[in-house]
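Architecture and fold: a report
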Amino acid sequence: MPTEDPRPRALIVHAHPEPDSFCTAQMHAAAAALRDSGHRVDVVDLYALGFDPVLDITEFPAARRPLKPQAEQASAWAAGTLAPDVAPQLDLLLAADLLVLSFPVWWFALPAVLKGWVDRVFVSGGVFGGELGLFQDAAMHGRRAIVLATTGGSETSFTEGGRFGDLDRFLYPIHRGIFEFVGFEVLEPVVTFGPARDDANGRANALADVHSAFRAILDRPTAPAGAARPR
């Protein structure tokens, strides 16, 4: 019988509409580095996939009114009737030792398609809630997760007292409300600030930094529990 592949498994979920963007190049650099470090890597490119981010009643043909999405997710999970575009995504998530959310920071938040992926794929009953519980009792406990992002502004503009404020405050809903909520240990994010304002050499150096960070992902520091709690 074939032996199970012992390599750790990484899932990169990428959300940028432009295949030739720096953000997409950054994702590919991270994927290559993870493979170099011995990981199996699955990449979900949400725009290329045409993933539907909208969670509504059409996802649950037998749903009752008023719609209670988490209850319907839990029922579909238990019955094995998850939507055909959700079930394989959930399989990838549950198989991952490392989750990477790759995206540009838009309006100080996730792009809508990536938030919708979380809405639909972080299935109640399968990832959290019910018998699983939350945080350290949820399904992803013992796994790790990390943000891989780009910004339009400079690094100094995303500091306390900077023009936009501390980036950690904007990452808090992701770190605490998405990653930690379902059990992940949160790694320090990898962020390239203002690549559109940089020249070709600067962008090349930034990609090299991303590759180095993910090549050494097993040694990457963790963010504090409840990271970047707003003050």
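An unreviewed UniProt entry annotates the protein as Flavodoxin family protein originating from Amnibacterium setariae.

Digging into unusual backbone geometry
Backbone phi values are negative for most residues with the exception of glycine, while trans is the configuration of most peptide bonds. Across the junction of arginine 65 and proline 66, the peptide omega takes the value -5°, indicating a cis bond. With a phi angle near 60°, phenylalanine 108 is a residue other than glycine that sits in the positive phi range. For phenylalanine 135, which is not glycine, the phi torsion reads 55° and is therefore positive. In this structure phenylalanine 135 comes out as partly exposed when scored by relative accessible area, which is 25%.

What to know about the UniProt feature "domain: Flavodoxin-like fold" (unreviewed entry) in the protein
Here the UniProt-annotated "domain: Flavodoxin-like fold" (unreviewed entry) positions come out as residues 9-210. Helix makes up 36% of residues 9-210 and strand 16%, with an end-to-end C-alpha separation of 19 Å.

Quick notes on empty space enclosed by the protein
Left-over empty space is what a probe sized like a water molecule reveals as it rolls over the atoms. With the rule as written, the count across this model stands at one cavity of 30 Å³ or more. Here the largest cavity is characterised by a volume of approximately 30 Å³. With four residues, helix H6 (residues 167-179) is the largest single contributor of residues to the lining of the largest cavity. Tallied by class, residues from the lining of the largest cavity come to eight nonpolar, no polar and no charged.

A short note on the packing of aromatic side chains
All chains considered together, the criterion is met by 10 aromatic pairs. Taken together, a centroid distance of 5.1 Å and an interplanar angle of 45° make the contact between phenylalanine 158 and phenylalanine 164 tilted. In textbook terms, an aromatic cluster arises when at least three aromatic residues are bridged by ring pairs, as seen for Phe108, Phe158, Phe164, Phe170 and Phe193.

As for the side chain of serine 102
By the element assignment, serine 102 lies in strand E3 (residues 98-104). Here serine 102 falls in the buried class, since its relative accessible area comes to 0%. A polar side-chain atom of serine 102 sits 2.8 Å from a polar atom in the side chain of histidine 14. Residue contacts for serine 102: discarding those within four places in its chain leaves Ile12, Val13, His14, Ala15, Cys23, Met27, Leu114 and Leu148.

A closer look at the environment of glutamate 188
Positionally, glutamate 188 belongs in the loop between strand E5 (185-186) and strand E6 (190-193). Overall, the relative accessible area of 35% leaves glutamate 188 in the partly exposed class. A C-alpha to C-alpha distance of 9.1 Å links glutamate 188 and alanine 145, two positions 43 residues apart in sequence. When residues no more than four places from it in sequence are discounted, the contact partners of glutamate 188 are Ile146, Arg220, Pro221, Thr222 and Ala223.

Here we look at the nonpolar core
Of all hydrophobic cores here, the largest spans 47 residues; its most connected members are Leu93, Leu99, Phe103, Trp117, Phe122 and Phe179. Breaking this core down by element, the ones donating at least two residues are strand E1 (9-14), helix H4 (87-95), E3, helix H5 (112-121), strand E4 (144-151) and H6. The leading source of residues in this core is H6, at six residues. Aside from chain neighbours lying at most four places away, what touches phenylalanine 179 is Leu99, Leu101, Ala145, Ile146, Val147, Ile174, Phe184 and Val186. Counting 19 residues, the second largest nonpolar core, distinct from the first, contains Ile12, Leu98, Val190 and Ala213.

Observations regarding a nonpolar patch on the surface
On the surface, a cluster of nonpolar side chains totalling about 420 Å² of accessible area is made up of Tyr47, Trp106 and Trp107. With respect to the helices and strands, the residue tryptophan 106 is situated in the loop between E3 and H5. A residue is classified by how much of its surface remains accessible, and tryptophan 106, at 33% relative accessible area, is partly exposed.

The rules behind these values
Residues numbered from 1 in each chain as written. Predicted model: local features only at pLDDT ≥ 70, side-chain atom pairs only at ≥ 80, totals over all residues. Heavy atoms only, no water. Buried < 20%, exposed > 50% of the residue type's maximum accessible area, 1.4 Å probe, protein only. UniProt positions renumbered as here; feature names shortened; annotations may be inferred. Helix = DSSP H or I, 4+ residues; strand = E, 2+ residues; numbered from the N terminus. 1 Å grid on protein atoms, 1.4 Å probe; cavity = no way out; pocket = protein on both sides within 12 Å on 5 of 7 lines; lining within 4 Å. Points joined across faces, edges and corners; volume = space filled by probe spheres on them. Nonpolar A, V, L, I, M, F, W, Y, C, P; charged D, E, K, R; others polar. Phe/Tyr/Trp six-rings, centres within 6.5 Å; stacked < 30°, edge-to-face > 60°. Polar contact = N/O pair within 3.5 Å; in protein donor to acceptor, adjacent residues only side chain to side chain. Contact = heavy atoms within 4.5 Å. Core = buried A, V, L, I, M, F, W, Y, C linked by side-chain atoms within 4.5 Å. Patch = residues over 30% accessible without salt bridge, like charges linked within 9 Å, V, L, I, M, F, W, Y side chains within 5 Å. Areas by Shrake-Rupley, 256 points an atom, 1.4 Å probe, with all protein chains shown as cover. Salt bridge = Lys/Arg side-chain N within 4 Å of Asp/Glu carboxyl O.

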